[in-house]
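Survey of secondary and tertiary structure
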Amino acid sequence: MDEVKTERDADIEWRKCKKSLLYYLTHYVLIQDRIKQSIIRWEPWPHLLQLVELVQAWSDAEERKPLSVIIFKSRQVGATTTICAIANWLASFFESTKIEFESETGEIANEMLIRVKVINRYHPDYLKLKTFPDQDDILGYPATNAMLVAMGSTPTAGRASD
């Protein structure tokens, strides 16, 4: 993380993060590495950069249309954590964002929400957002009117959440 000494510096960093997902990820996203049992920086692996570029292009578009991304992946490739970091970026910097984490079970989806909470917890104060509600399956950022919801995949998951 860059050293921020003044409110002006903090404002500049906030604007850089809002403008560039990659800047945000490489400068401010710390994640739990459960193998090393430590907090580490997010790493820009080439396969993850494709996803980052896709989301950045969508974010930069003059007229945004709903974006759904389905990723078929193996374990331990960083995709889930990157998705959680992207979700936190969207919820932190863009008004009225709604993110739905769907997984095979609600428990797995809740784990994704925990990752978002960890990312937010390790932000410097000028990027850290207050949360409400803050429950196992829902996280809100009142400052941006954003909501992140975790749910298990069922035939009706997400239909009544709008």
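Placed above this text is the structure.
A short tour of the structure in this document, coming up. Computed from a prediction, not measured in an experiment: that's the story for all the values here.

This part covers the environment of Q135. With respect to the helices and strands, Q135 occurs in the loop between α5 (106–121) and β4 (138–141). You can call Q135 partly exposed: its relative accessible area is 42%. Distance from Q135 to L54, taken between C-alpha atoms, is 30 Å for residues 81 residues apart in sequence.

Evaluated as defined, the whole model comprises 5 aromatic pairs. When the centroid spacing of 6.4 Å and the interplanar angle of 55 degrees are considered together, the rings of Y23 and Y28 count as tilted. A relative accessible area of 15% places Y23 in the buried class. Through a chain of ring-to-ring contacts, three or more aromatic side chains come together here, namely W14, Y24 and F93. Across from the ring centre of W58, 5.1 Å away, lies the NZ or CZ of R64, which sits over that ring.

Cis peptide bonds are those with omega within 30 degrees of zero, and the linkage from F132 to P133 qualifies with -5 degrees. Turning to its location among the elements, P133 is positioned in the loop between α5 and β4. Positive phi values are uncommon outside glycine, yet Q37 reaches one of about 55 degrees. Mapping Q37 onto the fold places it in the loop between β1 (30–33) and β2 (38–41).

Reading the values: the criteria
Residues numbered from 1 in each chain as written. Predicted model: local features only at pLDDT ≥ 70, side-chain atom pairs only at ≥ 80, totals over all residues. Heavy atoms only, no water. Helix = DSSP H or I, 4+ residues; strand = E, 2+ residues; numbered from the N terminus. Buried < 20%, exposed > 50% of the residue type's maximum accessible area, 1.4 Å probe, protein only. Phe/Tyr/Trp six-rings, centres within 6.5 Å; stacked < 30°, edge-to-face > 60°. Lys NZ or Arg CZ within 6 Å of the ring centre and 35° of its normal.

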